[in-house]
Amino acid sequence: MNAVDLARWQFGITTVYHFLFVPLTIGLSFVVAGLETAWMRTRDPTYLRLTKFFGTLFVINLAVGVVTGIVQEFQFGMNWSDYSRFVGDVFGAPLAMEGLLAFFLESTFVGLWIFGWDRLSPRLHLATIWIAAFGSLVSAFFILTANAWMQHPVGFSYNRATHRAELTDFGAVLTSSTVVVAFLHTVTAAFLTTGALVAGIASWQLWNRRDSADAPAFRTAAKAGMWMAVVAGLAVAVSGHSQGVIMTTQQPMKMAAAEALYQTEQPASFSLFTIGTLDGSKEIWSLRVPGLLSFLATGSFNGRVAGIYDLEAQYRHRFGPGDYRPVIPVTYWSYRLMIGLGLLAAIISAVGLWLIRCGRYPGSRWFHRAALAAIALPLLANSFGWIFTEMGRQPWVVWGQLRTSAGVSPTVGAATVLTSMIVFTVIYGALAVVGLYLMHRSAAAGLPLDEPQDAERPPTFVY
């Protein structure tokens, strides 16, 4: 592989790894804030113990996420200097605001929350975690603003003298339809991911400690996590449909590749399963649902969806000679795995709520195992979603403006990129072992022991 392929692999590995922690950071911050709010309102020590329990998981997840996220921005200068030079005037604004405003806001108030249990009043301490939670949303918004501009560049002009994109309307960048739907879809997916985590851990603990005094607390947590996953799953479906309609308008080749749709159709059928040639250039056989793709792509069951062959001809006429198709098998399967795994996680939580309603929970051992396994489903769905988003945009790093092959650092050779990729992969592997060990140990320890409550301050916990 050349330097371009290796740089793409390195960025893909580090991005997918980092995004394992991002949705949990967002979701767990709100879970912890909600539990501490419940304690403030009821003074029920169960809620405070659950706050400490999930707060520990939140802090571990945040710490590993911050470490892995720093590498992302380093790569812009290491492997993608021509890209950074092209987009710096536009890209720098949302990234700077994310770092100076959102990240510092989030990290400062998380620190106050961690070390302020015995130093701040209960109300002020509660305020710190809520500010940190909303700070995580602000951080996500600015990061997604930068990515959305790569998907659909707006609010800029191209300077032919410097060969750079120059910002002309920051408001247009912040309010583009692409960033609005991407933000809603990403945040709702984060709550789905966190709901599955809370329900899975609580179900696991409930099965192992079903005769202990902690069982009612974990039953409460499991039910809350299931409701969170079900409601968020519905919101993910709605926001995902909106994103698909906008994507079809802005990047029609991505939708065509997601469906392996080679010929333009009206109405267009949705492929449940397609077998194509190894190079992704031709469909051999497929199982389709009539009209469903038209609805997903246009909002109408009779909508017209452009095919790969027609779009390829249009792009060659517009942009010049070249291959403007993404890797069809990767795009096709990542799209389906994103949808299928996320849907399955929501279904498992819905089954859990039905078992609770029927009085069969926590007695069903198979469900506890399914709930524990379901923790991984939305995490995988998130990863496949980003693979689809980024791979489906190819061969553009900034759609219609800069090709991926033109964005790499011209003086960095393949051997250098390969070395850094191996080093980062090894380091990330070590972090994965440490992170999973700490998360498992904290989740397996159960609720912390409580002490008699003080009327004004939360109790000190013994771990």
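Scroll up to find the structure.
Since the structure is predicted, the reported quantities are computational estimates derived from the model, not experimental observations.

Asks: How would you sum up helix α7 (residues 177-208)? Please name residues and give values.
Replies: Between its terminal C-alpha atoms α7 stretches 47 Å, which fits the 46 Å expected from 32 residues at 1.5 Å a residue. Most of α7 is tucked away, with 27 of its 32 residues classed as buried.

Asks: For the layout of surface pockets, give the residues involved together with the corresponding values.
Replies: The calculated volume of the largest pocket comes to roughly 1,600 Å³. Taken together, 49 residues make up the lining of the largest pocket; nearest its centre are F11, T15, V16, H18 and Q72. Looking at the lining of the largest pocket, the elements with two or more residues in it are α1 (3-18), α2 (22-42), α3 (45-78), α4 (81-115), α5 (122-151), α14 (376-391) and β5 (396-398). The greatest single-element share of the lining of the largest pocket, amounting to 9 residues, is contributed by α1. When its residues are assigned to classes, the lining of the largest pocket shows 28 nonpolar, 14 polar and 7 charged. For the second largest pocket, the calculated volume is near 1,100 Å³. Along the wall of the second largest pocket there are 48 residues; nearest its centre are H185, V236, G240, Q243 and M338. The set of elements that each furnish at least two residues to the lining of the second largest pocket consists of α5, α7, α8 (215-250), α9 (252-258), α10 (292-298), α12 (328-357) and α14.

Asks: Account for the pattern of salt bridges, with residues named and values stated.
Replies: Evaluation of the coordinates by the stated rule reveals 5 salt bridges. For D82, the salt bridge is made with R85, and the minimal N-O distance between the two is 2.6 Å. On the criterion of helical spacing, the pair formed by D82 and R85 is a turn pair, its members being 3 residues apart in helix α4. Look at R85 and you get partly exposed, because its relative accessible area is 48%. For E259, the salt bridge goes to R336, with nearest N and O atoms at 2.6 Å. Of the two residues, E259 sits in the loop between α9 and β3 (270-276) while R336 sits in helix α12, which places them 77 residues apart along the sequence. Here the two residues E259 and R336 agree in accessibility, since each one is buried.

Asks: Before we move on, can you summarise the side chain of S294 with the specific residues and values?
Replies: One can find S294 in helix α10. On the basis of relative accessible area, S294 is assigned to the buried category, the value being 0%. At 2.7 Å, the side chain of S294 and the backbone oxygen of G303 are in polar contact. Among residues more than four places away in sequence, those in contact with S294 are P267, A268, G299, S300, F301, N302, G303 and V305.

Asks: Which residues make up the packing of aromatic side chains, and what values go with them?
Replies: We describe a pair of aromatic rings using the distance from one ring centre to the other and the angle between the two ring planes. Tallied over the entire structure, the rule returns 32 aromatic pairs. When the ring of Y262 is compared with that of Y309, the centres are 5.5 Å apart and the planes differ by 45°; the resulting orientation is tilted. Of the two residues, Y262 is situated in the loop between α9 and β3 and Y309 in helix α11 (residues 308-319); the sequence distance between them amounts to 47 residues. With centroids separated by 4.7 Å and ring planes inclined at 10°, the aromatic side chains of F295 and F301 adopt a geometry described as stacked.

Rules and cut-offs
- Residues numbered from 1 in each chain as written.
- Predicted model: local features only at pLDDT ≥ 70, side-chain atom pairs only at ≥ 80, totals over all residues.
- Heavy atoms only, no water.
- Helix = DSSP H or I, 4+ residues; strand = E, 2+ residues; numbered from the N terminus.
- Expected span 1.5 Å × (residues − 1).
- Buried < 20%, exposed > 50% of the residue type's maximum accessible area, 1.4 Å probe, protein only.
- 1 Å grid on protein atoms, 1.4 Å probe; cavity = no way out; pocket = protein on both sides within 12 Å on 5 of 7 lines; lining within 4 Å.
- Points joined across faces, edges and corners; volume = space filled by probe spheres on them.
- Nonpolar A, V, L, I, M, F, W, Y, C, P; charged D, E, K, R; others polar.
- Salt bridge = Lys/Arg side-chain N within 4 Å of Asp/Glu carboxyl O.
- Polar contact = N/O pair within 3.5 Å; in protein donor to acceptor, adjacent residues only side chain to side chain.
- Contact = heavy atoms within 4.5 Å.
- Phe/Tyr/Trp six-rings, centres within 6.5 Å; stacked < 30°, edge-to-face > 60°.

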